[in-house]
Amino acid sequence: MKVLVNNKETELNGSTVADLVRELALPEKGVAIALQNRIVPRTQWEQQPLQEGDSLVIIKAACGG
């Protein structure tokens, strides 16, 4: 299935936000994900289904100043 991740078309083999996190090898901490402009709580990543064409934004925390 194809979804948009940070405005880039991405092929996803899984069907949940957690599957996307694993496929993109995102870090366990310091990451927030918004689906259709709504933050998905980490506790719901395993249950949150994705559909063809969904738009996600991945926000990574950064250190420094």
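What this report covers is the structure whose coordinates are included nearby.

Here is what the cut-offs are and how they apply
- Residues numbered from 1 in each chain as written.
- Predicted model: local features only at pLDDT ≥ 70, side-chain atom pairs only at ≥ 80, totals over all residues.
- Heavy atoms only, no water.
- Pairing = 2+ DSSP bridges.
- Helix = DSSP H or I, 4+ residues; strand = E, 2+ residues; numbered from the N terminus.
- Buried < 20%, exposed > 50% of the residue type's maximum accessible area, 1.4 Å probe, protein only.
- Core = buried A, V, L, I, M, F, W, Y, C linked by side-chain atoms within 4.5 Å.

Note: strand β1 (residues 2-5) against strand β2 (residues 8-11), four bridges, orientation antiparallel. Bridging from a neighbouring strand, V5 pairs with K8 of β2. In this antiparallel pair of consecutive strands, β1 and β2, the connection spans two residues, and N6 shows a positive phi of 50°.

Moving on, we come to unusual backbone geometry. Phi at N7 takes a positive value of approximately 65°, unusual for a residue other than glycine. With respect to the helices and strands, the residue N7 is situated in the loop between β1 and β2. You can call N7 exposed: its relative accessible area is 72%. A positive phi is found at N37, a non-glycine position, where the angle reads about 70°. Here N37 is to be found in the loop between β3 (31-35) and β4 (38-39). Of the residues examined, N37 reaches a relative accessible area of 73% and is grouped as exposed.

This brings us to the nonpolar core. The biggest cluster of nonpolar side chains holds 16 residues, and the ones touching the most others in it are V17, I33, W45, L50 and L56. Broken down by secondary-structure element, the contributors of at least two residues to this core are β1, α1 (17-23), β3 and β5 (55-60). Take this core: its biggest share by element is four residues, from α1.

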